[in-house]
Amino acid sequence: MTESTRTPAADITDLYVHFPIRHGRHRLVARAVDGVNLTVREKEIVALVGESGCGKTTIARTIMRLHEATSGSISIGGVDITHLGGRKLRAMRRDFQMIFQDPFDSLPANSNALDVVAEGLAIHRRDLDSTARRRATLEALAACGLPANVAGRRMFELSGGQRQRVAIASAVAVEPRLLVADEPVSMLDVSLRAGILRVLLDLRERLGIATLFITHDLALAGVFADRVAVLYLGRIVEQGVGAEVIANPAHPYTRALVDVMPRPDGRRTARALLPGEPPNPTAAITGCRFAARCPLFQALGSPERCTTEPPALRSISADHAVACHFSDTTVLSTAKENIA
Ligand SMILES: Nc1ncnc2c1ncn2[C@@H]1O[C@H](COP(=O)(O)OP(=O)(O)O)[C@@H](O)[C@H]1O
Ligand SMILES: [Mg+2]
């Protein structure tokens, strides 16, 4: 079978997650996720990239069934889990595991590393007896770079990096199909990040675990992931192979993200991301959700189409897609050259 005909590790179809919120006497709706389609193939690392508030964590938590989907569906290994409950959901949970941004929050402070990992195995691998479970626990900790002498220590005795390794060990010990990693290194010291990322790459190599890697850092996504999906205000505006998206960003939003990335010489094309209002998920939008901040929209003299018709994600080359009516126009780069 080819890559594309195999059952994907995760398949998200037309996902909407809306939250009712109260604003004084008004009832509003936060459209945290607003029509997302995303596939993570077997063994693949897909990065979901976007600014704070664009819906990344909501997607992660909805996959984990911590939020209910407003509509749309999520399949894991070909099984639709969107509305599964009870025993059927418990049986599926082994297949999708998550690690959270804050390793100080997500693990019980008084448990030791062995107990944290063994607990997950006791729930999801009832086929293992206590000897096999202990062996699997130590193996998972070792695979995440935690030697036996750390295994007996309690969470409050460990560093942030060590805790995140315990969290990863606990998630992968049960051998899931999909690992959802929500900004797993963003709370860690820069010096510890590479070690954690290496563990994730190594696990993919050895266990073939597919990963949805969530980050606000496009540069990191580009080097770490096989494919990148750029999210803006609850919707994917561009996706493709990481290096290709960074070298040839097609959406004006992705271009803005690339412009604030430090270059090899340390300089950036732009200092700040974008002018204008930060995205507001409760605002009603009829056209393109990015138009209000879009440099291309401005350069083209506010074309009506951008405010009336939401752009669909369309392919521009093999495995590269963009949701912009005018991404082919070159006005933006010309305008920039004129400024420079
Ligand atoms: N439980 C909730 N109730 C209401 N609004 C929420 C809830 N969770 C998230 N949101 C809103 O949804 C939007 C997306 O949030 P989130 O998914 O956390 O974004 P990100 O992880 O990309 O920073 C934000 O505007 C946030 O305020
Ligand atoms: Mg988040």
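Above: the structure in question.
Quantities reported herein were computed from a predicted structural model and do not represent experimental measurements.

### Side note on the overall build of the protein
Check the secondary structure of the protein and you find 13 helices and 12 strands. Relative to the 2.2 N^0.38 estimate, which gives 20 Å for 340 residues, the radius of gyration of the protein is 21 Å and therefore close to what a compact globule would have. Counting only C-alpha atoms, the protein reaches 70 × 50 × 45 Å along its principal axes. For the protein, buried positions account for 40% of its 340 residues. Within the protein, contacts between residues at least 6 apart in sequence are counted, and of these 65% link residues at least 24 apart.

### Focus on the site of ligand 1
Ligand 1 sits among 13 residues. The nearest are Phe19, Ala32, Lys56, Thr57 and Thr58. Contributing elements (two or more residues each) for the shell around ligand 1: β1 (10–23), β2 (26–40) and α1 (56–63). Classifying every residue of the shell around ligand 1 gives six nonpolar, six polar and one charged.

### Some words on the sheet that holds strand β9 (residues 227–232)
Strand pairing within a sheet occurs via backbone hydrogen bonds; the two strands may be parallel or antiparallel. With mixed pairing, the eight strands of this open sheet are ordered in space as β6-β7-β8-β3-β9-β10-β12-β11. The sheet terminates laterally at β6 (96–99) and β11 (314–317), the two strands that pair on one side only. On average, each strand axis in the sheet is inclined to that of its neighbour by 25 degrees, with strand direction left out of account. Against the sheet, α1 makes contact with β3 (45–49), β6, β7 (178–182), β8 (210–215) and β9, and its axis sits at roughly 150 degrees relative to β7, the strand it touches most.

Scoring rules and cut-offs
Residues numbered from 1 in each chain as written. Chains lettered and ligands numbered in written order. Predicted model: local features only at pLDDT ≥ 70, side-chain atom pairs only at ≥ 80, totals over all residues. Helix = DSSP H or I, 4+ residues; strand = E, 2+ residues; numbered from the N terminus. Rg over C-alpha atoms; globule rule 2.2 N^0.38 Å. Buried ≥ 20, exposed ≤ 12 C-beta atoms within 10 Å, placed from the backbone. Contact = placed C-beta atoms within 7 Å. Near = placed C-beta within 6 Å. Nonpolar A, V, L, I, M, F, W, Y, C, P; charged D, E, K, R; others polar. Pairing = 2+ DSSP bridges. Axes fitted to C-alpha atoms, helices over the stretch in contact; angles between N-to-C directions.

Keep in mind that these numbers describe shape and distance, not what the molecule does.
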